[in-house]
Amino acid sequence: MGLIWTLVRSIKGTIAEAAIKQGNAILEDANFGKPISEHTGAVPNSIDDDLHDRICVPLSTRGKVFGCLYVATKTSGVLNQKHLELMSLIADQISGSIANVDLLEQLQREGRRRDALAELSQAANEDLSLAHIYQMTASSLDLLIGYDRFVITKVCDDEINYERAFGDGVIV
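Along each chain, the written sequence defines residue order, and numbers are assigned to residues from 1. Residue-level local features of this predicted model are given only where pLDDT is at least 70; pairs of side-chain atoms are given and counted only at 80 or more, and the full residue set underlies all totals for whole chains, interfaces and linings. Side-chain numbers come from the whole structure's heavy atoms, not from hydrogens or water.

A. Highlighting the overall build of the chain. Think of it this way: any DSSP run of H or I at least four residues long counts as a helix, any run of E at least two long counts as a strand, and we number them from the N terminus. Along the chain, the regular secondary structure elements total 3 helices and 6 strands. Its helices and strands in sequence order give the chain the pattern α-β-β-β-α-α-β-β-β, from N to C terminus. For the chain, the residues scored as buried account for 27% of the 172 residues in total. By the convention used here, residues are in contact when the closest approach between their heavy atoms is within 4.5 Å. A separation of at least 24 residues holds for 45% of the contacts in the chain among residues at least 6 apart in sequence. Accessibility throughout is a Shrake-Rupley quantity obtained with a 1.4 Å probe, and a residue counts as covered only by protein chains that appear here. In the structure as shown, the chain presents an accessible area of about 11,900 Å², 54% of it carried by carbon and sulfur atoms. Buried residues are those whose accessible area, probed at 1.4 Å on protein chains only, stays under 20% of the maximum for their type, while exposed residues exceed 50% and partly exposed ones sit between those limits.

Pasting the structure below:
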């Protein structure tokens, strides 16, 4: 089975909302609240067919809830308090791992940002022409922000007219 990542719909009225608000795991009949297919557009409605029991456990780290772990069965009465406790332990284990992934991604983005800024600073000081500064800034901005249009204008001494302007790498 492959991973499905998608934009989440509203969790209002779902077991996930209840678990997050209560701050603990919930074991309930699958007929209560919205079905899992209403949590996301990537999951077909047929996933809810014949479900009887379900458990939803909030995923959190440092007191901040960032998701839920959800499991359901097609057999009634299979899930019980032991399963709820086990799912809570699993949620605790994977919460830290997911938080570490998020932290690593954040650190990598910050590292790329710092590298791009350092490269821009070094390149700008190597060649003090406006064209070179433009090219280096354009490359760095594309890595840092991404853009559709970028222009540098150098204002003349009279503060009204511009001497040169660069747009998309072309003197205009």
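B. Seen up close, the sheet that holds strand β2 (residues 53–61). Pairing is antiparallel across the open sheet formed by 3 strands, whose spatial order is β1-β2-β3. Either end of the sheet is taken by a strand with one partner, and the two such strands are β1 (26–29) and β3 (64–73). Between one strand axis and the next, the sheet turns through 20° on average, direction left out of account. In this sheet, β3 lies alongside β2 in antiparallel orientation, the contact comprising 9 bridges. Within β3, the position partnered with Arg-54 by the bridge is Ala-72. The strands touched by helix α1 (residues 15–22) are β1, β2 and β3; relative to β2, the strand with the most contacts, the crossing angle is about 45°. Paired strands, as defined in this entry, are two strands with at least two bridges between them according to DSSP. Comment: axis = line fitted to C-alpha atoms, over the contacting stretch for helices; angle = value between 0 and 180 degrees taken between N-to-C directions.

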